[in-house]
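Spelled out from the first residue to the last, the chains are:
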Amino acid sequence: MIYEISYQALIFFVLFVAFVLWLSFYFARKTKSASSYYAAGGQIHWAVNGVAFAGDYLSAASFLGICGMIATVGYDGFLYSIGFLAGWIVALFLIAEPLKRLGKYTFTDALNANFKSRAITLTAAISTLIVSMFYLIPQMVGAGDLVTPLLGLPHWVGVVLVGIVVIVIVASAGMTSTTYVQFIKGGLLIVLSTVLTVYILKNGLSLKPNHEGQNYHEFVTIPAQVSNGKVTQAEGWQVVSQQEVKEKTYVKLSQNNVGRWFSLSDKDGQAVLTEALSIEEGANGTKLYNGEPAVNGKFYQVGHMNKIMLDGKEVESTGALSPTKYLSTVEKSEITRFSKVSFKDGDTNVDLFVQNVTPGKNFMLPGLKYKIGKGASVWSKMDFISLMLALFLGTASLPHILIRYYTVKSQRDARKSTILAIAAIGAFYVLTLFMGVGAAVNGVMDVESSNMAAPLLAKAFGVMLFSVISAVAFATILGTVSGLIIASSGAIAHDLIENYFKINLDEAKKVRAGKIAAFAVGALAIALGIAFKGMNVSFLVGWAFSVAASANLPAILFLLFWKKTTAKGISASIIVGVATSLLIILTSPTMWGRYGLDPATALHQLDNPAIISFPLAVITVWLVSLAAKPKTIVISA
Amino acid sequence: MNHGPAVELDVDHASSKKAKLGVIFFLIYSFFYAGFVVIGVFNYELLSQEFALGLNLALFYGMGLIVFAVLLGILYNFLCSRYEDQLNTKEEVNQP
C-alpha cells in the first residue's frame, strides 16, 4: 500500500515513545540487583501486575494480527481470540500456583527446582530461546507494518526502529520498567479498542464506506465479448492480454495508456469484467500500482459490503446498530473480500487482488482459512485441531508470561493478577470480532498486509484516533518485545552462562551479561522480522504457541503432577517437543511458499504442528521417566 | 547453582485442595472447549445454525467460551481464597 506521512500521528507517536523511554530510565535507577532486574524483586502490586499481564499478552498478534485475520478470513481469525483466551485456563488452573511455590526466577529454574540437572538447564534454556524468538518474529513484523502508514517509511525501518528502542529499554532497565510500561499500554489498548468498537457500531454498515477525508474507490464492472474463451472486446477499453490461473480468467485492459487488470465472470448469462487491484513488477524492477507509478496514488484501500440484508430487506446502509444486530446483519449479507492471485504476464510478475464476494454466513463461520466443512480434507481438519490445541496449551508455556508469576509477593496475589488479566483480555478479545469485521467492510484494508486492519480502521474514523491507537500499538510491540528479550537474555546469561557453564559472575557482571545477551537476541529478532515481512502476525504467533506447548508444557505438567518424573524425562521431552514442532513448521506448506516453492508440493499439508509434536513430547517424558531410575522429588504444590 | 525463591512463601495447607480444584475446573473447561472443536470437525453444519439473537452457534459458542473462562476464573479465586482462609492459620496465610 502507498501511504503518505501523517504529521499529527508522528508527533503523538514521538511523544509517546519518549514517555515510555523516560519511564524506563526512571525505573532503571531503582534496579540495582540481579533479582530486581529479572523479577522486580517480587514487589509489584497484583492489580498492576494483572493489567501488565494483559499488556504482555495483548501483543501485536492480538491487536494487529487477530483483527487483520478476522478482516480477511472472518471467523477463522476469531479462533485465535478463543484459543488465546482459553490458554489462560491452563495457566491459571494447572500451572500458576504450583509454579509460584517453586519460586524461581526463570522457566529453566522452575523446571529444574528439584533436580539440579545440567541437561534440563541446557534444554530448557534452548527452548526458552527458540520460543521467544518465534514470538519475537511476529512482533517485529507488526512493527514494520505499523510504521509504514504512520511514518511513510519502509517496513524494514520499522523493524530496526523497534529493535533499537527495545534494546535500549532492556539494556538500561529491566522487569520493573517493563511491568509499568505494560500496565499503561495494556490499559490503554483495552480503552481504545472499546472506543473503536463504539465508532464501528455507531457507523453501522454501508454499501459505500466513505469516511471523512477518505472516499471509497468505485470499482467498475465492464460488459465483455468472449469468443472461444478469449475476451475480444470490453466496452470503452482495449484488450491487452489474458491469463488463465487455476481455472479463472484474468484480463488486462488499457484505457488512456493505463493498463488495469480485471477478472472475468458470468452475470445473468453476460460475460463481465470486474476490476481488480494489481501490482506489476517488470524485469527491470519498476513497479506499477494499478498500472501507474506509486506516486500517482492509485492503489486503494478496500473491503466493502456487496449486499446488506437488514430485517429481511435489502438496504444501502443501516445506521447505528447494536453489537448483536451488527454481527447478525453481516451474517445475513454479503461481503466483498480481495483475494491474492500471482502469475507471470510475459516477463512481468503480476500480483492481483481480485474481488471475492463471500456470503456473510460463510464469513461468520470457521472454514475460509481452516477448512473443516465443505471441501475439507483430513489434513485441513487436522490442521484445525492442531491450531486449537496449540492455542489452548501454548499460553502457559510462554517464557515471558511465566516470568510474571514471580513478580508479585504471594500465590493469592499471583492468582488475582491472573484473573484480572483473563477478564481484561477476554473483554478485549470479544472486541477483536467487531474491529475485524468492521475493518473488513469499511474500505480500509491494505491488500498487501492484513496486519494493519485495526489501525487503518481507526484512521477512517479520524486521524487523532489513528495516531493514538498507532502509538499504543507501537508501545504494545515495545513492551512485548522487551518482555521476550528479558526472558531470552535471562536464559542466556542466567541459565546457560551461570548455571550450565558454571561461570561465576558477581552481581554487576551478571547484569552486564544479561544486557549483552539482550543486544544479541534483539539483533537476531530484527533480521528475522525483516525476513518474514507480509505474513499475518497471529499466524506466526500460532507457531510460537505450538513450539511452546510441545517443548514446555509436557515437562511442566509432568513435573507438577507426576512424582515419577525424572530429569532425563524432562530434558528428553523438551528436545522432542522443540525438534518435532520445528521440523513440521520448517517443512509446512506456508514455509514452502516462503522458500519460493509451490506449497502444494510441501512434504505434508500441516501448518500447525501441535497435534503431532505435543503428544510425542508427552509420550517421551512418560517413557523416558519410566525407563530412567527415578529420583525422589518433593513438589510443594 | 540454582537461585532461591524470588519471594519468601509460608507453608500453604490449602495447596492440595487448590490443586484438585484447579484440575477439576480445567477438565470442565476442556470439555466445553473440546466440544467446540468436535462440533467443528464432525458436525460443521450445526455451527451455522441460528442459535439466539440472530447469531449462529459458532459466534455464540466462541464468545461463550471467552465469558465462561472469566467466570470460572472468578469462581476459582473465590474458592481458593476460602480454602486458604480456612486451612491456613493467621500467621501462615500468604496474604501480604
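A quick note: this is a predicted structure, and the numbers were derived from the prediction, not measured.

## Points about the overall build of chain B
Then, number 1: Counting secondary structure elements, chain B contains three helices and two strands.
Then, number 2: Along chain B, helices (α) and strands (β) appear in the sequence α-α-β-β-α when read from the amino end.
Then, number 3: Put simply, chain B has 96 residues, and 50% of those count as buried.
Then, number 4: For chain B, restricting intrachain contacts to residue pairs at least 6 apart in sequence, the fraction spanning at least 24 positions comes to 67%.

## Focus on the UniProt feature "transmembrane region" (unreviewed entry) in chain B
Residues and elements named next belong to chain B.
Then, number 1: Cross-referencing UniProt, the feature "transmembrane region" (unreviewed entry) maps to residues 21–42 and 54–79 in the present numbering.
Then, number 2: With 100% helix and 0% strand, the stretch residues 21–42 has end C-alpha atoms that lie 31 Å from each other.
Then, number 3: Within residues 54–79, the helical portion is 88% and the strand portion 8%, while the C-alpha atoms at the span's ends are 36 Å from each other.

## Notes on the sheet that holds strand 3 (residues 238–245) of chain A
The strands that make up a sheet are held in pairs by hydrogen bonds between backbone atoms, and each pair lies either parallel or antiparallel.
Residue and element names in this part refer to chain A.
Then, number 1: Taken in spatial order, the six strands line up as 2-1-6-5-4-3 in an open sheet, and their pairing is antiparallel. Lying at the two open borders of the sheet, with one neighbouring strand each, are strand 2 (230–234) and strand 3. Sheet twist, expressed as the average angle between the axes of neighbouring strands with direction ignored, equals 40°.
Then, number 2: Bridge count between strand 3 and strand 4 (residues 248–255): seven bridges; the pairing is antiparallel. In the sheet register, Q243 faces strand 4, and the bridge partner there is Y250.

## Concerning the environment of L99 of chain A
Residues and elements named next belong to chain A.
Then, number 1: On the secondary structure map, L99 appears in helix 5 (residues 75–102).
Then, number 2: Residue L99 is classed as buried on the basis of its relative accessible area, which comes to 2%.
Then, number 3: Sequence-wise, L99 and I556 are 457 residues apart; in three dimensions their C-alpha atoms are separated by 8.7 Å.

## Quick notes on helix 7 (residues 118–151) of chain A
Residues and elements named next belong to chain A.
Then, number 1: With 34 residues, helix 7 should cover 50 Å at 1.5 Å per step; its first-to-last C-alpha distance of 48 Å lies within 8% of that length.
Then, number 2: By the criterion of burial, helix 7 is predominantly enclosed, with 29 of the 34 residues buried.
Then, number 3: With a side-chain oxygen positioned 3.2 Å from the backbone nitrogen of A119, the residue opening helix 7 is S117.
Then, number 4: G152, located one to two residues past helix 7, shows a positive phi value of around 70°.

## Observations regarding the side chain of T587 of chain A
Residue and element names in this part refer to chain A.
Then, number 1: Its location among the elements puts T587 in the loop between helix 20 (567–586) and helix 21 (589–594).
Then, number 2: A distance of 3.3 Å separates a polar atom in the side chain of T587 from the backbone oxygen of I584.
Then, number 3: Ignoring sequence-local partners within four residues, the contact set of T587 consists of W592, A602, L603 and H604.

## Focus on a nonpolar patch on the surface
Then, number 1: On the surface, I619, W622, L623 and L626 of chain A cluster together into a nonpolar patch covering about 380 Å² of accessible area.
Then, number 2: Exposure remark for L623 of chain A: the relative accessible area of 45% places this residue in the partly exposed category.

## A few points about the environment of I372 of chain A
Then, number 1: Looking at the secondary structure, you find I372 of chain A in the loop between helix 11 (360–363) and helix 12 (378–394).
Then, number 2: Given a relative accessible area of 2%, I372 of chain A falls into the buried group.
Then, number 3: With ten residues separating them along the chain, I372 of chain A and M382 of chain A place their C-alpha atoms 9.0 Å apart.
Then, number 4: Ignoring any residue separated from it by four or fewer positions in sequence, one finds I372 of chain A in contact with P366, K381 and F384 of chain A together with G40, V41 and Y44 of chain B.

The rules behind the values
Residues numbered from 1 in each chain as written. Chains lettered and ligands numbered in written order. Predicted model: local features only at pLDDT ≥ 70, side-chain atom pairs only at ≥ 80, totals over all residues. Heavy atoms only, no water. Helix = DSSP H or I, 4+ residues; strand = E, 2+ residues; numbered from the N terminus. Buried < 20%, exposed > 50% of the residue type's maximum accessible area, 1.4 Å probe, protein only. Contact = heavy atoms within 4.5 Å. UniProt positions renumbered as here; feature names shortened; annotations may be inferred. Pairing = 2+ DSSP bridges. Axes fitted to C-alpha atoms, helices over the stretch in contact; angles between N-to-C directions. Expected span 1.5 Å × (residues − 1). Polar contact = N/O pair within 3.5 Å; in protein donor to acceptor, adjacent residues only side chain to side chain. Patch = residues over 30% accessible without salt bridge, like charges linked within 9 Å, V, L, I, M, F, W, Y side chains within 5 Å. Areas by Shrake-Rupley, 256 points an atom, 1.4 Å probe, with all protein chains shown as cover. Salt bridge = Lys/Arg side-chain N within 4 Å of Asp/Glu carboxyl O.

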